[in-house]
Amino acid sequence: MANLICMISKYLVLVFMVLYTIKCYTYFTAKDREKRNSNLNKQIFYIFMIHFLCHVMLLINQQDIKIMMYYFIEILIAVLYIVTFRLIYKKSSRLLTNNVAFLMLIGYTILLRISPKLAVRQFILASLGLAFTLFIPFILSKLKNIKNWNIFFGVFGLVLLASVFIPGVGKEVYGSRNWIEIAGLSLQPMEFVKIIFIFFAASSLVKVNTIKELVVNAIIAALFMLVLVAEKDFGAVLLFYISYFMLVYLATSRPVFMFLGIGLMVMACLAGYALFKDSLFSHIMVRVTAWRDPFGHIDSSGYQVSESLFAIGTGGFAGSGLGKGMPYIIPVAESDFVFSAICEELGVIFGLALILIYLSSFLAIQNIAMKCKNPFYKYVTFGIAIIYIFQVFLNIGGVTKFIPSTGVTLPLISYGISSVFSTLIMFSIVQYTYILVSDEADSFEREKERIERKEIKSVSGNEGVSGKGKRQS
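The rules behind each value
- Residues numbered from 1 in each chain as written.
- Predicted model: local features only at pLDDT ≥ 70, side-chain atom pairs only at ≥ 80, totals over all residues.
- Heavy atoms only, no water.
- Phe/Tyr/Trp six-rings, centres within 6.5 Å; stacked < 30°, edge-to-face > 60°.
- Helix = DSSP H or I, 4+ residues; strand = E, 2+ residues; numbered from the N terminus.
- Expected span 1.5 Å × (residues − 1).
- Buried < 20%, exposed > 50% of the residue type's maximum accessible area, 1.4 Å probe, protein only.
- Arc of directions from axis to C-beta.
- Axes fitted to C-alpha atoms, helices over the stretch in contact; angles between N-to-C directions.
- Parallel < 35°, antiparallel > 145°, perpendicular 65-115°, else oblique.
- Contact = heavy atoms within 4.5 Å.
- Nonpolar A, V, L, I, M, F, W, Y, C, P; charged D, E, K, R; others polar.
- Pairing = 2+ DSSP bridges.

A. Just the packing of aromatic side chains, in detail. According to the stated counting rule, one finds 33 aromatic pairs in the structure shown. What links up through ring pairs into an aromatic cluster is the set Trp149, Phe152, Phe153, Phe156, Phe199, Phe376, Tyr377 and Tyr432.

Next comes the structure, spelled out in structure tokens:
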């Protein structure tokens, strides 16, 4: 009986996951507000059903009654977040709010499967992050001159990024010195600096008028990347580099900068490989070797990627069922390789739907950026969209052997409070831009109505004068 319940639950999860994903896209095609709200309400129902059925499978397979306690607490916080954000900011994007809550619940669930201790820690700290980020749109609404803070963003970002080199504070993890530890709490400064970097680039590009100013701005941006190179955090270097050149392209509308960016990246990679492959790039070469032939090095550098591919293949389209696989065999399955663990137990169909959900959030953020008339927040939101989707690409591309592993986390799902907290901040910033766009649309409608009323009044007046003239004649 228990196996039958697990099997039914497994397939129902896939059905609800597909339905949730479909609603992410029918939201964009809905012709009126009522239809969009209907799609969003259905999404919330699917969220609850997927989360409930996943915990039913975990309860049956792990025989731990605390799992249902975790379920109710997680759902309570998710409901509070969705409702509170909407009550405080009536013009906020419900699609983004739903996706944030959904991805975080998936993260809690898979972490509960792999390591309940990490799941509880992630839940507590992420809940505090949700509470904090509720205030971000309000704070941004009070910072009217933030677009002029480019010097502050540049200096503060570089100092925070370089804090990993402070003796006794910074520490090296998996070959990269990109962590700091204070009072037993480990943080990754890069996760927060990437937001500061976007603000720096946006505030600088708003003011750029000449090529000379653009070159100076690019040199300062390059300093961020040089610090990341010194930290040996090459995944972060790619995030910063791609986002910067995409912002330059948006600000200038000149394709030449896109080609220049690609050319410089290729030359930098070739030069770095030739000069530093045995020192600075040594741990990167290990990852490249594992990427090129993971099964040929399965006893050493290729073990992680091999187990990741085994897990995805073993799960198949429908998955083995939550609690019935062996995701704990994959090294660092709770963070860098969490997508493999998801595919093994929830299925490749679930994984593909997850990618589409990430993509729907990206499209929504891009749409918000393109509609924003405020240049500064247009650039900020666009930069956030690029960093967000490129981070998804680097993570999933690494675990599926599409590209070498970069150590980048999967937003809102992977274990790591720095990553979760920074992503929540980015989504709150996007929500503020969405509110700005809504206000701009409302102002436009009011102005349009005012002009129409004025024209009607003018026409009515002219008709009265014309009629009076005819009576006199």
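B. Highlighting helix H5 (residues 116-133). Its 18 residues place the ends of H5 25 Å apart at the C-alpha level, agreeing with the 26 Å of an ideal helix rising 1.5 Å per residue. If you check which residues of H5 are buried, you get Ala119, Gln122, Phe123, Ala126, Ser127, Gly129, Leu130 and Thr133. Buried residues of H5, viewed axially, fall in a sector of 160°; they line one side. Opposite the packed face of H5, turned more than 90 degrees from it, sit the exposed residues Lys117 and Leu128.

C. The side chain of Ser361, seen in detail. Among the secondary structure elements, Ser361 is positioned in helix H15 (residues 348-371). Using a relative accessible area of 0% as the deciding quantity, one classes Ser361 as buried.

D. The arrangement of the packing of helix H8 (residues 189-207) against helix H9 (residues 211-231) in detail. Between H8 and H9, whose axes approach to 10 Å, the crossing angle comes to 175°. By the angle class used here, H8 and H9 are roughly antiparallel. Along its contact with H8, which presents Met190, Val193, Phe197, Phe200, Ser204, Leu205 and Lys207, the element H9 presents Glu213, Leu214, Asn217, Ile220, Ala221, Phe224, Met225 and Leu228. Of the residues belonging to the contact of H8 with H9, the class tally is 11 nonpolar, two polar and two charged.

E. Region of interest: the pairing of strand S2 (residues 176-182). Note that strand S1 (residues 170-173) and S2 share three bridges and pair antiparallel. Of the residues in S2, the one forming a bridge with Gly170 is Ile180. In sequence, S1 turns back onto S2 through a hairpin of two residues, with Tyr174 there showing a positive phi of about 55°. Direction of pairing for S2 relative to strand S3 (residues 185-187): antiparallel, over a ladder of three bridges. In the strand pairing of S3, Ile182 is matched with Leu185.

F. Structural view of helix H3 (residues 66-88). Taking 1.5 Å per residue as the helical rise, H3 with its 23 residues ought to reach 33 Å, and the 33 Å between its terminal C-alpha atoms agrees with that figure. Of all the residues in H3, the buried ones are Ile67, Met68, Tyr70, Tyr71, Glu74, Ile75, Ala78, Tyr81, Ile82 and Phe85.

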